[in-house]
Amino acid sequence: MIAWFLRRLLQMVLVVLGVVTLAFIFSNIVPGNPARLVAGPQATPQAVQLIAHQLGLDRPVLSQYLQYMWRLLHGNLGVSYALEDRTVSSEIMGALPFTIQLAIGGVLVEILIGLPIGIIAAYRAGGFLDRALNIVALVGLSMPPFWLGLMLLYYLAYKVSLFPLNGTGHPLVWYLVLPSFTLGIGGAAFYARMVRTTMISVLRSPFIEFARLKGMPERRIIFRHTLRHVLTPVVTMLGMDLGYFLGGVLIIESVFGLPGVGLLAYSAIGTLDIPMITGTVLVAAVFVVVMNFVVDVTYTLIDPRVRLSRR
Amino acid sequence: MPDAPLQSTGPLEGGPVIAVDRLSVTFPTTGGDGRVVRDVSLAIGRGERVGLVGESGSGKSLTARAIMRLVPRPGEVSGRVLLDGVELGVGATRDPTKWRGRSVAMITQDPLSSLNPLVRIGPQMTEMLRFHRGAGRAAARARATELLTAVGIPDPARTLNQFPAVLSGGMRQRVALAIAISCDPRLLIADEPTTALDVTIQAQVLSLLERTTAEHGTAVLLISHDLGVVSGFCERVIVMYAGRIVEAGPTEQLVSAPAHPYTRALLASVPPIQGELPERLPSIPGSPPLGGARIPGCAFAPRCPIARDVCREVEPELRAQARDGHEAACHAAGDPTWEIPELASTAEALP
Ligand SMILES: Nc1ncnc2c1ncn2[C@@H]1O[C@H](COP(=O)(O)OP(=O)(O)O)[C@@H](O)[C@H]1O
Ligand code: SF4
Ligand SMILES: [Mg+2]
């Protein structure tokens, strides 16, 4: 188990370093001169030269890369090119709370809506309720988030002032209801389908029949004997989604005016702010990798067979 | 169609524990008329051990599931099942949790996967005691330990905390058996309980089944495709073919003087218990009709060595034979004008 853990840890570090390297390479091969963007359209070539020198852009890419990595090892993500004297970490720290809360809201919507619908549909498989829920799920899956977000804003915030129109404020939860819903609804539909499929196959397995032969009540058969099996795929997806959402969800953030990591990364790309781009990519990679690890550990907790195989 | 509702009834003390009356199972999607179990009637007395044999596909498992009222959709069941004279599924027994596991228990064909892989053995055992008997946590656990000891699990306390995956197939089957008998049911249905196990463990599980049920006077319906297994264990044997009972009677009678050609063929395909195994086991040529296929006359006729024209036209009814409690559904049974070929010698080696 310890060996497995260490192996995973090493793997995670390598993946993150790899992603950062790729981000660095791509930022450097896109056409465009960051120094020119920083200096502004009216700047003289000399001024651009000077700024390039200040930013270290006149040195070989390899040396820039090594310097970046060296600083990274010390927890230093560098200084933004575009927003002068702001460190990348402070900018990211400022944006993270919005992103984190939005991500949590999104996955909450996914489970709170997806799980019960999937369970009910599986239990009534083939029946009217199942078919009705199937249609609802299809609708949920096929709505583009930006359109849904705008519709929600128009009807629930503008026409009927149920929710705040835009941006952030106090309490933040209030401002996060519509974005979370918009973020999570597609996933909720997907979860419902997946939970339904898994549950139907679990309900057919011999141990469920045996539980019935034992005279156990249906309630217990569902909650004690079936749900645990449904949990494994749900946890996987949940972990993936959370990791992905935590990297910033640009569309939702921009529709609802939430200053999260997604918007930060977006504007950094617009200004070729290489340290900021690399920093936001790093954060996204770390979240995905860490959530993957959390998923794996959770498997071990849910399924003893996995535990055995990792001895 | 049998005239008397409760045939295949052996000598019983008091009323039967379970009486099955013209039970049929129909799958509308299957070919033919879709009836894969046809008018099965049987009764089992208190503490009696009855065997149900037949080739795979003859409807044994579905008969058991119909008794348990757990026939999978879209199967339809007709007929009645009476437990101690009370019809199951009607009135107070409409709620299956009132009698399943508690009065009638069943272990299935697939014992290796009948335990939930994600739940420890302990709760899988105690949930039944707690639910049916209202036992407290500690009492249920103590009883579970006792039961595991009774079925020969070496370290019961430890096993209770383990997951099924760490146990061998034989051990899991013992646990399933311990669970099934935990509430002292009146009847235990064991559907091919040893088929998935290897031969040495088979014998152990069977003797365990005998011991644990004899202690509490639990009646047993042992289902197997192997007449050898059944005849060694049961006082009475019921033979099924293509969804129907074709012969029933005391084991001794059925083995020494089978009345139905199908039973004779089954006997001939049983390996001898003593002595050398023959080079090749004689098996029954041909195959049984597929689920629910409708055949005019006797369903066994296409494979029967002594079939005559009448067999292909008139379906033989289950009729009482010369000896008490012996019945067979064959035109040739008890009719001296039919030439009955010699029994294969292997059958004589049976108990
Ligand atoms: N779920 C089902 N749907 C349709 N047909 C079935 C189903 N289960 C069993 N059958 C049919 O019913 C017949 C009897 O099956 P079963 O009772 O399992 O036989 P046995 O236990 O004697 O091997 C078989 O021919 C099988 O094809
Ligand atoms: S009724 Fe005829 S075909 Fe059927 S078993 Fe008897 S002899 Fe054979
Ligand atoms: Mg079977």
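Before any of the text, the structure's been laid out above.
Residues numbered from 1 in each chain as written. Chains lettered and ligands numbered in written order. Predicted model: local features only at pLDDT ≥ 70, side-chain atom pairs only at ≥ 80, totals over all residues. Heavy atoms only, no water.

With respect to the sheet that holds strand E8 (residues 219-224) of chain B
All names here are of chain B. Ordered in space as E6-E7-E8-E3-E9-E10-E12-E11, the 8 strands form an open sheet in which the pairing is mixed. Of all strands in the sheet, those bounded by a partner on one side alone are strand E6 (104-107) and strand E11 (319-320). In terms of strand pairing, strand E3 (residues 49-53) meets strand E9 (residues 236-241) through 4 bridges, oriented parallel. Bridged to Gly51 within E9 is Val237. (Pairing = 2+ DSSP bridges. Helix = DSSP H or I, 4+ residues; strand = E, 2+ residues; numbered from the N terminus.)

Re the side chain of Glu91 of chain A
Residues and elements named next belong to chain A. Turning to its location among the elements, Glu91 is positioned in helix H5 (residues 88-123). Taking relative accessible area as the criterion, Glu91 reaches 14% and is therefore assigned buried. Those residues in contact with Glu91, other than ones at most four positions away along the chain, are Leu83, Arg86, Leu264 and Met276. (Buried < 20%, exposed > 50% of the residue type's maximum accessible area, 1.4 Å probe, protein only. Contact = heavy atoms within 4.5 Å.)

Structural notes on the interface of chain A and chain B
At the interface, 22 residues of chain A touch 31 residues of chain B. When chain A packs against chain B, close to 2,400 Å² is buried across both sides, 65% of that on carbon and sulfur atoms. Looking only at chain A, the three residues that lose the most surface to chain B are Phe210, Leu213 and Lys214 of chain A, adding up to 29% of its buried area. Taken together, the links from chain A to chain B amount to 3 salt bridges. One salt bridge in this structure joins Lys214 of chain A and Glu127 of chain B, with 2.7 Å as the shortest N-O distance. (Buried area = accessible area lost by both parts, 1.4 Å probe. Salt bridge = Lys/Arg side-chain N within 4 Å of Asp/Glu carboxyl O.)

Re the nonpolar core
If you look at the biggest cluster of nonpolar residues, it comprises 120 residues, and the most contacted ones within it are Met125, Leu187, Ile189, Leu221 and Leu222 of chain B. In terms of residues, this core owes the most to one element, helix H8 (residues 172-203) of chain A, which gives 7 residues. Excluding its chain neighbours within four sequence positions, the residues that come into contact with Ile189 of chain B are Ala64, Ile67, Met68, Val104, Ala105, Met106, Ile107, Leu221 and Ile223 of chain B. In this structure, Ala157, Phe245, Ala268 and Met276 of chain A belong to the second largest nonpolar core, which totals 47 residues. (Core = buried A, V, L, I, M, F, W, Y, C linked by side-chain atoms within 4.5 Å.)

Notes on unusual backbone geometry
Residue and element names in this part refer to chain B. Residue Pro74 follows Arg73 across a cis peptide bond; omega there is 0°. Summarising the element assignment, Pro74 is placed in the loop between helix H1 (60-67) and strand E4 (76-83). The phi torsion at Glu192 lies on the positive side, around 45°, for a residue other than glycine. Here Glu192 shows up in the loop between strand E7 (187-191) and helix H6 (199-215). You can call Glu192 buried: its relative accessible area is 6%. One non-glycine residue, Ala242, adopts positive backbone phi at about 50°.

So, the layout of surface pockets
Residue and element names in this part refer to chain A. Roughly 900 Å³ of volume is contained in the largest pocket. Of all elements in the fold, only H5, H8 and helix H9 (206-213) reach the threshold of two or more residues within the lining of the largest pocket. Looking at the lining of the largest pocket, the element that brings in the most residues is H9, giving 3 residues. Its residues assigned to classes, the lining of the largest pocket comprises 12 nonpolar, 2 polar and 9 charged. (1 Å grid on protein atoms, 1.4 Å probe; cavity = no way out; pocket = protein on both sides within 12 Å on 5 of 7 lines; lining within 4 Å. Points joined across faces, edges and corners; volume = space filled by probe spheres on them. Nonpolar A, V, L, I, M, F, W, Y, C, P; charged D, E, K, R; others polar.)

Here we look at the site of ligand 1
All names here are of chain B. What surrounds ligand 1 is a group of 12 residues, the closest being Gly57, Gly59, Lys60, Ser61 and Leu62. A distance of 2.6 Å separates an oxygen atom of ligand 1 from a polar atom in the backbone of Gly57. Here Gly59 contributes a backbone N or O atom positioned 3.0 Å from an oxygen atom of ligand 1. Burial of ligand 1 by the protein amounts to 70% of the accessible area it has alone, namely 560 Å². Counting residues per element, the shell around ligand 1 draws most heavily on H1, which supplies 3 residues. Grouping the amino acids of the shell around ligand 1 by side-chain chemistry returns 4 nonpolar, 6 polar and 2 charged. (Near = heavy atom within 4 Å. Polar contact = N/O pair within 3.5 Å; in protein donor to acceptor, adjacent residues only side chain to side chain. Areas by Shrake-Rupley, 256 points an atom, 1.4 Å probe, with all protein chains shown as cover.)

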